[in-house]
Amino acid sequence: MRGASAPRNASLCAAALLLAGVSLVIGFRAAGSDGTTPVPQALAFLPWLLVPGAAGLGLAALARWRGGLVWAAVVLAVTVWFVRPYGPGTTGARGPVVARLDVLTSNVEFGNATDALIATVHRERPDVVFVQECDPACADKLAAHVPAASYPYRDVVRLDGSHGSAILSRFPLRPAGRIDGTMAMPGPVAVVAGRDVRLQLAHPMPPVPGGVALWRRELGRIRDLAASVRARPAVVAGDFNASQDHAAFRAVLDAGDLHDSARLAGSSRTYSWPADRASPLRTQIDHVLVSEEFSVRSARFLRLAATDHRALLVGLELHDGP
């Protein structure tokens, strides 16, 4: 009897530990909070919590632990509930289409993927390009190899390493201020079909251990910008270092009445990072958010060599509705 109880007890303890860990993360998701390390990091990969949840269910069954079976079933059901796409399925755009535009966002990882980005721009010919981690060498290459005739309007912040950024546009741009952050986040106004459209590059610091407060603070500044341009045409794009399962990211959407293009195009769980590793733990942290005046035609994640992010290319339509 004692020999038989030892494996049962081990299974029960293992099930309890797994279910407690999953419950902790899901509890913060349900409460609308990102918590502290390790919760924000785990929330980025929330769908993968189904794996330890299922393992907990199996171990509870092996231990013949009825309470554990109920616990595991609840944890799995709640996790599945939160795996659903966040937000409405349409933007509510009304009225005639006055412009069609393609928007590309790409984190080129310290400028390493600049050549691949340039090739992608030549092939895809987007109307607006948001570039994160564009160091001075990256900025020089964009100036030399992306014709000014095609992209005559640019907002480039020349900084070293991951701090530089660039926006290239076929549409006229005028300055509108920048979001204060560790990494540059420029934000001009584009004139599209006679309408002012606020463009904002997003690149807050990631929620690394010890840096969660800074990540939350910089996402809060993006949220404040989104709130300030609410009810006006806007495109906020870049590497948010956050997924739809982070409360700080959902706050950006809610504050500006913004919509995630990939979600509207049916790709809300398509990964964008990491793109260059064998690990199955991947998530979508690169986004193009649009205001109510836009509808989304398409969204494609593109693999670029020499960067750990996949680029995102979205097709948008600007409506002239009330």
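As shown above, the structure is provided for reference.
So, a few notes on the structure that sits alongside this text. These numbers were taken from a predicted model, which means no experiment stands behind them.

Procedures and definitions
- Residues numbered from 1 in each chain as written.
- Predicted model: local features only at pLDDT ≥ 70, side-chain atom pairs only at ≥ 80, totals over all residues.
- Heavy atoms only, no water.
- Helix = DSSP H or I, 4+ residues; strand = E, 2+ residues; numbered from the N terminus.
- Buried < 20%, exposed > 50% of the residue type's maximum accessible area, 1.4 Å probe, protein only.
- Patch = residues over 30% accessible without salt bridge, like charges linked within 9 Å, V, L, I, M, F, W, Y side chains within 5 Å.
- Areas by Shrake-Rupley, 256 points an atom, 1.4 Å probe, with all protein chains shown as cover.
- Salt bridge = Lys/Arg side-chain N within 4 Å of Asp/Glu carboxyl O.

1. Here's the deal with unusual backbone geometry
At the junction of Thr 37 and Pro 38, the peptide bond is cis and its omega measures out at 10° in the coordinates. With an omega of -10°, the peptide bond between Trp 273 and Pro 274 qualifies as cis. Within the secondary structure, Pro 274 is located in the loop between α9 (261-264) and β12 (286-290). Phi is positive for Glu 109, which is not a glycine, with a value near 50°. One can find Glu 109 in the loop between β1 (97-107) and α5 (114-124). For Asn 241, which is not glycine, the phi dihedral falls at a positive 50°. Relative to the assigned elements, Asn 241 resides in the loop between β10 (234-239) and α8 (247-256). Asn 241 sits in the buried class, given a relative accessible area of 12%.

2. Some words on a nonpolar patch on the surface
The grouping of Trp 48, Val 51 and Leu 281 at the surface amounts to a nonpolar patch, some 260 Å² of accessible area in total. On the secondary structure map, Val 51 appears in helix α3 (residues 50-62).

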